[in-house]
Amino acid sequence: MSSRLRRCRRSLLLSAVALAGLAVGTQTMGTASGATAPLSDAREVVHFDIATLQQPENITLEPGGAADVTFQKSRQVAQVTTSGAITVLATLPAPTTGSATASGIVRTADGTLYVNYNAGANSGIYRIPAGGGTPVLVVAMPEVKVLNGLAIDASRDTLYATDSSSGTVWKVSLRTRVASLWTQGGDFQPGATSTSSLGANGVKVHDGAVWVSNTGNGTLLRVPIDKDGTAGTDTVKATGLPGIDDFTFTGRGDQVLAAQNGTNQASIVSSDGTVQTVLTAADGIENPTSVAVKGSTVYVASGAYLTRTDPNLLLARLR
């Protein structure tokens, strides 16, 4: 897509948002914008090709600052540099029947990647060697309906995966390659008045607990990991996050940065549960699906699932 056409499409998008009653500003593609404190210097560094289904679903970071992302619909895992270079590391298997997608991704210290694969009865978690290569099935999870978020607890050689359809969290042992239901309940399922059919979505391991976002309820949950590895009683840490997708911890205690796919924004969630919007469509995001933080650098991946215009990777500074 030419830069002129992209600018025209972005102008039309922002005009539509403004007509919907949202406060948006103006932006020149690829340049820094104001964002909202404590974020600043927001800028799009990579524009993905929606025609080839390059729509990022989840993100994990390399030590040097490159991002590894899953392209949901093309089943690809790609490495993206902050200068805009895109390298496909692997493609998950084509489905035997129906369709298949890639979702959550995590990276281990040695560079190994683990990726969620949705393909009905053939769903599971795959391992991709450091630097890319042929994906290898680690554990089959045919009973899971919609594998979504993925987190790793390296100290226990354990993965945690969410099933957004049934509102459950699964535990996967990398030693035994066995998956088992870890926790479930009403807090992980979309409520009766929810506008989304998705429940448990993003998942992270932080300070002795598993944290989970619930898209339909717009909530952020904390589940302590008991000494025997079982799930403790969950608590709601934040509300008022409509359309929340994935999230990450900023490195400042329990402070969270959350991507809100459905409402086209990103928010900072303080440790006391206070929510502050820091990025909107005016800053260049389009249905953000996942976020990551490295030092003072914020990464926001936009899948453009609803806008269908400009899937991209945006960087900002966290002050």
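For the structure itself, consult the block above.
Reference entry: report on the structure contained in this document.

With respect to the sheet that holds strand β17 (residues 235-238)
Part 1: Ordered in space as β14-β15-β16-β17, the four strands form an open sheet in which the pairing is antiparallel. Two strands close off the open sheet at either side, each with one partner strand: β14 (200-206) and β17. Mean inter-strand twist for the sheet, computed between neighbouring axes without regard to direction, equals 30°.
Part 2: Where β14 and strand β15 (residues 209-214) come together, five bridges link them in antiparallel fashion. Residue pairing in the sheet places Val 205 in a bridge with Val 210 of β15.

Looking at the pattern of salt bridges
Part 1: Under the defined criterion, the tally for this structure stands at five salt bridges.
Part 2: With a closest N to O distance of 3.0 Å, Glu 62 and Arg 107 form a salt bridge. You can see Glu 62 sitting in the loop between β2 (56-61) and β3 (67-71) and its partner Arg 107 sitting in strand β6 (residues 101-107), a full 45 residues away along the chain.
Part 3: According to the relative accessible area criterion, Glu 62 is buried, its value standing at 15%.

What about the environment of Thr 60?
Part 1: Along the chain, Thr 60 falls in strand β2.
Part 2: Given the relative accessible area of 13%, Thr 60 is considered buried.
Part 3: Spatially, the C-alpha atoms of Thr 60 and Ala 292 are 6.8 Å apart, while their sequence positions differ by 232 residues.
Part 4: Once residues lying within four places of it in the same chain are set aside, the contact partners of Thr 60 are Ala 66, Ala 67, Asp 68, Ile 105, Val 106, Arg 107 and Leu 113.

Some words on unusual backbone geometry
Part 1: A cis amide bond links Ala 37 to the next residue, Pro 38, at an omega of 15°.
Part 2: Along the polypeptide, Pro 38 turns up in the loop between α1 (3-19) and β1 (39-47).
Part 3: The backbone of Arg 75 sits at a positive phi, close to 65°, despite the residue not being glycine.
Part 4: Along the chain, the position of Arg 75 falls in the loop between β3 and β4 (76-80).
Part 5: Its identity as a non-glycine residue notwithstanding, Arg 177 has a phi of 60°, on the positive side.
Part 6: For Arg 177, a relative accessible area of 43% translates into the label partly exposed.

Quick notes on the packing of aromatic side chains
Part 1: Taken as a whole, this structure holds five aromatic pairs when the rule is applied.
Part 2: With a centroid separation of 4.9 Å and 85° between ring planes, the pair formed by Trp 211 and Phe 249 is classed as edge-to-face. Of this pair, Trp 211 sits in strand β15 while Phe 249 sits in strand β18 (residues 244-249), placing them 38 residues apart in sequence. For the pair Trp 211 and Phe 249, one class covers both residues: buried.
Part 3: Here Phe 247 and Phe 249 contribute two aromatic rings whose centre-to-centre distance is 6.2 Å and whose plane-to-plane angle is 75°, an arrangement assigned as edge-to-face.
Part 4: Since its relative accessible area comes to 13%, Phe 249 is described here as buried.
Part 5: What links up through ring pairs into an aromatic cluster is the set Trp 211, Phe 247 and Phe 249.
Part 6: One Lys or Arg, Lys 204, reaches over the ring of Phe 247 and ends 5.4 Å from the middle of that ring.

Comments concerning the nonpolar core
Part 1: Among the nonpolar cores identified, the biggest contains 17 residues, and Leu 39, Leu 257, Leu 279, Val 298, Val 300 and Leu 314 are the most heavily contacted of them.
Part 2: At the level of elements, β1, β19 (256-260), β20 (265-269), β21 (275-279), β22 (288-294), β23 (297-302) and β24 (312-318) are the ones that each hand at least two residues to this core.
Part 3: When residues of this core are assigned to their parent elements, the largest contribution, three residues, is made by β24.
Part 4: With residues up to four places along the chain from it excluded, the contact list for Val 298 reads Leu 39, Leu 257, Ala 292, Val 293, Leu 314, Leu 315, Ala 316 and Leu 318.
Part 5: Judged by nonpolar contacts, the second largest core, of 14 residues, contains Ile 59, Val 69, Ala 292 and Leu 315.

Overview of the pairing of β4
Part 1: Extensive coverage of β4 is indicated by the burial of four of its five residues.
Part 2: The pairing of β3 with β4 spans five bridges and is classified as antiparallel. Within the sheet, the bridge partner assigned to Phe 71 lies in β4 and is Gln 76.
Part 3: Turn length for the β3-β4 hairpin, with the two strands adjacent in sequence and antiparallel, is four residues, and the turn residue Arg 75 shows positive phi of about 65°.
Part 4: One ladder, built from five bridges, connects β4 with strand β5 (residues 86-91); its direction is antiparallel. The residue of β5 that forms the bridge with Gln 76 is Thr 91.
Part 5: Count of turn residues in the β4/β5 antiparallel hairpin: five residues, of which Gly 84 carries a positive phi of about 105°.

Analysis parameters
- Residues numbered from 1 in each chain as written.
- Predicted model: local features only at pLDDT ≥ 70, side-chain atom pairs only at ≥ 80, totals over all residues.
- Heavy atoms only, no water.
- Pairing = 2+ DSSP bridges.
- Helix = DSSP H or I, 4+ residues; strand = E, 2+ residues; numbered from the N terminus.
- Axes fitted to C-alpha atoms, helices over the stretch in contact; angles between N-to-C directions.
- Salt bridge = Lys/Arg side-chain N within 4 Å of Asp/Glu carboxyl O.
- Buried < 20%, exposed > 50% of the residue type's maximum accessible area, 1.4 Å probe, protein only.
- Contact = heavy atoms within 4.5 Å.
- Phe/Tyr/Trp six-rings, centres within 6.5 Å; stacked < 30°, edge-to-face > 60°.
- Lys NZ or Arg CZ within 6 Å of the ring centre and 35° of its normal.
- Core = buried A, V, L, I, M, F, W, Y, C linked by side-chain atoms within 4.5 Å.

Read these as geometric descriptors, not functional statements.
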